[in-house]
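Listed here are the chains, written in short residue letters.
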Amino acid sequence: MNDSTLKKLIQGILSKERRSIAQALSIIENDSPEAATLLDQIGPLGGKSKIFGITGPPGAGKSTLINSLIESFVSDSLRVAILAIDPSSPFSGGAILGDRARMYSSGMNENIFIRSCASRGQLGGLSPRTPELLYILEAAGFDIIIIETIGVGQAELDIMKCANLVTLVLSPHAGDSLQALKAGIIEIADIFALNKADLPGIDSLEKDLILSLSLAPPGTPTPKLFRITATDHTGVSELKTGMLKQYEDDSNNNLIIEKKKKALEFQFEFSLREELTSNFNARPSLKKKKANLLQAVMERKKSPRKAAAELIAHFFKDTE
Ligand SMILES: Nc1nc2c(ncn2[C@@H]2O[C@H](COP(=O)(O)OP(=O)(O)O)[C@@H](O)[C@H]2O)c(=O)[nH]1
Ligand SMILES: [Mg+2]
């Protein structure tokens, strides 16, 4: 891609053209050569979107809720982007809500943009591309960006570090208990959405949750709880108001600015590790050295720590 094509693409993103936004996201996902320049040039345009993370166990009703939230946000004349980080999500999978979501995303409504992607990179950790997709969506000036992830793996939890406000969706369906949740997920939630309030188990779910929240260290802010039935929109409008109110309060306390800075710090540290690893793996001379050191470790001639330190020292000497 030459300079003028890239310039046009950026212009397209600025003009909120769906096709340009989609193309930019693909450039990132495919890690095309122009990705770094693109990110660099659009950076100053971003930083203004409200980024809402929605997480929770599979089947809790996240996609159903998001669908309901989309309608509500759009009727407030807000532009909304959804990054569904779960390829099995109905948004992409063509299940229950797929048709409706596709209708929105295919241009029936210019204010809705839906993209789904995988959360995991080759090594199973967070895909380095995911935060960068968010970076593009911010530059495209969406008022609201919703990230949907299942709250079961570390990679899925990590991406929530890029959100400004996290809503944890729980529901009382069989086999689901608070104990089964990924450690740390309760702690990152700002708001709890207790979904499927039409089902009998909702009272005991709420009781369990209140009990486990009461075990938090003193001084921890008490997150708000909302009972909702996402399938018929009951309580969703109150939840939405609660999310916006919390965002506003956090903005007034400078918390949002801090969170946005933290998110960028996280992305920077993350990219740094990625950059180091790929740089490292791209050097044949290091491969041989690594194999030799591994051999020494296996024969217990060197400790794993010493071997790692030697290899890293070698890497940096090589780099100078
Ligand atoms: N009874 C009931 N079922 C719901 C509710 N919300 C979602 N569901 C159902 O729960 C299932 C999983 O919903 P989905 O949104 O795909 O969950 P996700 O995996 O968290 O995204 C679907 O069959 C939904 O129709 C609700 O409020 N009440
Ligand atoms: Mg889903």
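What counts and how
- Residues numbered from 1 in each chain as written.
- Chains lettered and ligands numbered in written order.
- Predicted model: local features only at pLDDT ≥ 70, side-chain atom pairs only at ≥ 80, totals over all residues.
- Heavy atoms only, no water.
- Donors = N, O, S within 2.8 Å, 3.2 Å for Na, K, Ca; no water.
- Helix = DSSP H or I, 4+ residues; strand = E, 2+ residues; numbered from the N terminus.
- Buried < 20%, exposed > 50% of the residue type's maximum accessible area, 1.4 Å probe, protein only.
- Near = heavy atom within 4 Å.
- Polar contact = N/O pair within 3.5 Å; in protein donor to acceptor, adjacent residues only side chain to side chain.
- Areas by Shrake-Rupley, 256 points an atom, 1.4 Å probe, with all protein chains shown as cover.
- Nonpolar A, V, L, I, M, F, W, Y, C, P; charged D, E, K, R; others polar.
- Salt bridge = Lys/Arg side-chain N within 4 Å of Asp/Glu carboxyl O.
- 1 Å grid on protein atoms, 1.4 Å probe; cavity = no way out; pocket = protein on both sides within 12 Å on 5 of 7 lines; lining within 4 Å.
- Points joined across faces, edges and corners; volume = space filled by probe spheres on them.
- Patch = residues over 30% accessible without salt bridge, like charges linked within 9 Å, V, L, I, M, F, W, Y side chains within 5 Å.
- Core = buried A, V, L, I, M, F, W, Y, C linked by side-chain atoms within 4.5 Å.
- Contact = heavy atoms within 4.5 Å.
- Pairing = 2+ DSSP bridges.
- Axes fitted to C-alpha atoms, helices over the stretch in contact; angles between N-to-C directions.
- Expected span 1.5 Å × (residues − 1).
- Arc of directions from axis to C-beta.

Caption draft 1: Broad picture of the coordination of the magnesium ion (ligand 2). At this site the magnesium ion (ligand 2) is bound by S63 (OG) and E148 (OE), with donor distances of 2.1 to 2.2 Å. Taken as a pair, S63 in helix α4 (residues 62-75) and E148 in strand β4 (residues 144-150) lie far apart in primary sequence, 85 residues in all. Of the two residues, S63 and E148, neither departs from the other in class, the shared state being buried.

Caption draft 2: Broad picture of the site of ligand 1. In the vicinity of ligand 1, 17 residues are found, and the nearest of them are G59, G61, K62, T64 and D198. Taking T64, its side chain carries an N or O atom lying 2.5 Å from an oxygen atom of ligand 1. The side chain of N195 places a nitrogen or oxygen atom 3.1 Å from a nitrogen atom of ligand 1. Here ligand 1, which alone exposes 580 Å², has 76% of that area covered by the protein. Ranked by the residues each element gives to the shell around ligand 1, the list is headed by α4, at 3 residues. Of the residues belonging to the shell around ligand 1, the class tally is 6 nonpolar, 7 polar and 4 charged.

Caption draft 3: Just unusual backbone geometry, in detail. The phi torsion at D31 lies on the positive side, around 50°, for a residue other than glycine. In this structure, H233 takes a positive phi of about 70° despite not being glycine. Position of H233 among the secondary structure elements: in the loop between β7 (224-227) and α11 (236-252). Taking the relative accessible area as the measure of exposure, H233 reaches 39% and is therefore partly exposed.

Caption draft 4: Spatial organisation of the pattern of salt bridges. Going through the model one piece at a time under the given rule, you end up with 15 salt bridges. A salt bridge links E132 to R129; its shortest N-O distance comes to 3.4 Å. Residue E132 and its partner R129 are located together in helix α7 (residues 129-139), separated by 3 residues, close to a single helical turn. Classification of R129 as partly exposed rests on a relative accessible area of 21%.

Caption draft 5: Looking closely at the layout of surface pockets. Its volume calculated, the largest pocket comes out at about 690 Å³. In terms of lining residues, the largest pocket is bounded by 28 residues, among which I186, E187, A189, L213 and P223 are the most central. For the lining of the largest pocket, the secondary structure elements donating two or more residues are α9 (185-188), α10 (202-214), α11 and α12 (255-281). Looking at the lining of the largest pocket residue by residue, the class counts come to 15 nonpolar, 6 polar and 7 charged.

Caption draft 6: Just a nonpolar patch on the surface, in detail. On the surface, L276, I312 and F316 cluster together to form a nonpolar patch covering roughly 260 Å² of accessible area. Looking at the element boundaries, I312 is found in helix α14 (residues 304-319).

Caption draft 7: How the structure looks around the environment of A183. Position of A183 among the secondary structure elements: in the loop between β5 (165-170) and α9. In this structure A183 comes out as exposed when scored by relative accessible area, which is 64%. In this structure the C-alpha to C-alpha distance between A183 and Q154, which are 29 residues apart in sequence, comes to 9.3 Å.

Caption draft 8: Spotlight on the nonpolar core. Among the nonpolar cores identified, the biggest contains 37 residues, and L38, L83, I136, L137, F142 and I147 are the most heavily contacted of them. Going through the elements one at a time, α1 (3-14), α2 (18-29), α3 (35-42), β2 (80-84), α7, β4, α8 (154-159) and α12 are the ones with two or more residues in this core. Once you skip the residues sitting within four places of it in the chain, I136 turns out to touch I21, A24, L25, I28, L38, L39 and I42.

Caption draft 9: The side chain of R18, seen in detail. With respect to the helices and strands, the residue R18 is situated in helix α2. In this structure the side chain of R18 is engaged in a polar contact, spanning 2.7 Å, whose partner is the backbone oxygen of I112.

Caption draft 10: How the structure looks around α7. Burial runs high along α7: 9 of the 11 residues are buried. Phi turns positive one or two residues past the end of α7, at G141, with a value near 75°.

Caption draft 11: Representation of the sheet that holds β7 within the structure. Strand order across the open sheet formed by 7 strands is β3-β2-β4-β1-β5-β6-β7, with parallel pairing between neighbours. The open sheet is flanked by β3 (112-116) and β7, the only strands paired with a single partner. For this sheet the average axis-to-axis angle between neighbouring strands, irrespective of direction, equals 20°. With 5 bridges connecting them, β2 and β4 associate as parallel partners. Note on β4: the bridge partner recorded for V80 is I144.

Caption draft 12: View of α10. End to end, α10 covers 18 Å across 13 residues, agreeing with the expected 18 Å (1.5 Å per residue, within 8%). Looking only at α10, the buried set comprises I202, L205, L209 and L213. Taken end-on, α10 shows its buried residues confined to a sector of 65°, consistent with a single buried face. In this structure, α10 carries K207, L211 and S214 as exposed residues pointing more than 90 degrees from its buried face. Taken together, the buried residues of α10 touch β5, α9, β6 (191-194) and β7.

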